[in-house]
Amino acid sequence: MTILYTPNHHLHHPQHEIFNGEVLAHAEVPDRVDNMVAALQAAEYDLEAVNEATYEGQLQAVIEQIHDPRYVHWLQQTSVTEPLYPSVFNHGETALVHGHPSIQWGNFCTDLFTPIMPQTWSAAVTMAEASLQAAELLASHQQRLVTVVGRPPGHHAGKSRVGGYCYLNNAAVAAHHLSAHGRVAVLDVDYHHGNGTQDIFYERADVITCSIHAHPDRKFPYFAGLDTEIGTGPGLNCNRNFPLPAGITDQEYQPILESALAWLAQPQHQPEYLIISLGLDTHESDPIADFQLTTAYYRQMATTLSDLHLPTVVVLEGGYNTKVIGENLVNFVQGLAN
Ligand code: Q9C
Ligand code: ZN
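All of the points below concern the structure found in this document. (Residues numbered from 1 in each chain as written. Chains lettered and ligands numbered in written order. Predicted model: local features only at pLDDT ≥ 70, side-chain atom pairs only at ≥ 80, totals over all residues. Heavy atoms only, no water.)

Within the first shell, the zinc ion (ligand 2) binds the protein through D190 (OD), D190 (OD), H192 (ND1) and D281 (OD), at distances of 1.9 to 2.8 Å. Written as a sequence motif, the donor arrangement for the zinc ion (ligand 2) is D-x1-H-x88-D. Of this pair, D190 sits in the loop between β6 (184-188) and α7 (195-201) while D281 sits in the loop between β9 (273-278) and α9 (295-306), and the two are 91 residues apart along the sequence. (Donors = N, O, S within 2.8 Å, 3.2 Å for Na, K, Ca; no water. Helix = DSSP H or I, 4+ residues; strand = E, 2+ residues; numbered from the N terminus.)

Okay, helix α10 (residues 325-336) next. Here α10 spans 16 Å end to end across 12 residues, near enough to the 16 Å set by a 1.5 Å rise per residue. Counting buried positions over the 12 residues of α10 gives 10, a clear majority of the element. Residues I325, G326, N328, L329, V330, N331, F332, V333, G335 and L336 constitute the buried set of α10. (Expected span 1.5 Å × (residues − 1). Buried < 20%, exposed > 50% of the residue type's maximum accessible area, 1.4 Å probe, protein only.)

Around ligand 1 lies a shell of 15 residues, among which E17, G164, H192, D281 and Y320 are the nearest. A distance of 3.1 Å separates a nitrogen atom of ligand 1 from a polar atom in the side chain of E17. For ligand 1, an oxygen atom lies 2.6 Å from a polar atom in the side chain of Y320. Protein chains shield 90% of the accessible area of ligand 1, which is 410 Å² for the free molecule. The residue inventory of the shell around ligand 1, partitioned by class, reads seven nonpolar, five polar and three charged. (Near = heavy atom within 4 Å. Polar contact = N/O pair within 3.5 Å; in protein donor to acceptor, adjacent residues only side chain to side chain. Areas by Shrake-Rupley, 256 points an atom, 1.4 Å probe, with all protein chains shown as cover. Nonpolar A, V, L, I, M, F, W, Y, C, P; charged D, E, K, R; others polar.)

Looking now at the packing of aromatic side chains. As enumerated under the stated definition, the model contains 11 aromatic pairs in all. Centroid distance F19 to F113: 6.0 Å. Interplanar angle 25°. Geometry classified as stacked. Here F19, found in strand β2 (residues 16-19), pairs with F113, found in the loop between α4 (101-104) and α5 (120-139); they are 94 residues apart in sequence, far enough to count as distant. Relative accessible area serves as the criterion here: at 40%, F19 is assigned to the partly exposed category. The buried category is assigned to F113, whose relative accessible area is 13%. Taking 5.8 Å as the distance between ring centres and 40° as the angle between the ring planes, the aromatic pair formed by W74 and F108 counts as tilted. (Phe/Tyr/Trp six-rings, centres within 6.5 Å; stacked < 30°, edge-to-face > 60°.)

Attention now moves to the sheet that holds strand β5 (residues 145-149). Each strand in a sheet pairs with another by means of backbone hydrogen bonds, the pair being arranged parallel or else antiparallel. Spatially, eight strands are ordered β4-β1-β5-β10-β9-β6-β7-β8 in an open sheet, and the strand pairing comes out parallel. Whereas interior strands pair on both sides, the edge strands pair on one side only; in this sheet they are β4 (47-49) and β8 (239-244). The average angle at which neighbouring strand axes cross in this sheet is 15°, direction not considered. Contacting β6, β7 (207-214), β9 and β10 (312-316), helix α6 (residues 170-178) crosses the sheet at an angle of about 175° to β9. (Pairing = 2+ DSSP bridges. Axes fitted to C-alpha atoms, helices over the stretch in contact; angles between N-to-C directions. Contact = heavy atoms within 4.5 Å.)

Before going further, it helps to spend a moment on α6. Of all nine residues making up α6, nine are buried, and the element is well covered by its neighbours. Two to three positions downstream of the cap, the backbone nitrogen of A171 sits 3.4 Å from a side-chain oxygen, assigning the N-cap of α6 to N169.

Spelled out as C-alpha cells, the structure:
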C-alpha cells in the first residue's frame, strides 16, 4: 500500500459557506487532513508527499478531457485576493468572459458552498496530480493499492459545473487515466451522491460508476442521485445509484454495499481497476450527515471491497468530524490491505 498526500492542501482554507442566506463556518477545513495524516503516522504508515503540480503534459490533458477546458483555464487564471462567491448562476450556454470575476464564476458553479480562495488552484491541482500519480502506479504495475489523502475533495465537480466543496474531480482523473489501460469501476461511498463523477462518465461504457448515498430528497446535491439515473447512450446501464434513508447502520449498509459490488463486478462490466471515492461523512458522529456507521465498520467495509481483488486507488472525499476522521481512515486502510 502506497499512501500519497498533499501538504499544500493548507493553501485552500475557505471560512464560510452560505446556506439559505445564513453564513456558516465552512465544514471542509485543513484539520481534516491533518488529523488523517497524524493518525496514519501513529499507525506507522509511511506517507509520500506530492508537493506541487505543474499544469502541463499528461495532467493537463487528463483534466481537460474530463472537464470543460474553459472552466479549468478560468480557474487557473483567475487570481483573487479575497474569497470569490457567485451571485448569479448562468443556466444557459457558458458566456461572458469579461466582467467581474464573481459574475464570471456564475458560469461554472452550482452553489454558495464552494468559494474560490486566493490559492485554491494550487491546492486543487496538486490533489489532481496526486490522483494521477496514484493511477499511474497501478497502470505501470508498481503498486496494486494506493490511497490519496488530501483536499479539496472532487466528486461533486462535474464536466463544467462544480460545487459541494469540489473543484477538480480527483477520482475522475484517476479513472480516466486508467481507462486507457482497462475497464474501470468507480465506487463512491461518500455520504453524498457523487454527482460530478456520474456527470463526467454518464455517456461512457469504459468507466462504470456507482454511488451509495443519502437520498437527494433530503441532502446535497438534491438534484441528482436517484436510482432512475442509469446512464445514457453508450453508457446506458453503466451508472447505478443507491439512495438511502437517514439512520443507516452497519448491518443495514453491508448488504447494500454487497449489492453495489455485485453490480460492478457483473460479467457485462468486468472491471480491471477500482477507484473508491471514500467519504468518511457516513460516520455516526459526522456533523453534517445522518448515517450511523461505526469506526470499526470501516475495516469491514474495506475488507469487503478487497474481495474484488482489483488494483485499487482510494481517493479521499468528505468526512467532517475532524477528531475521528483519521481513526476511521486507519481502520479502512487496514481493512483494505488485509
Ligand atoms: N451546511 C463532500 O462531502 N452542504 N461535499 C452544505 C450544510 C454541502 C459535501 C450545507 C455538502 C457538500 C465532498
Ligand atoms: Zn460527502
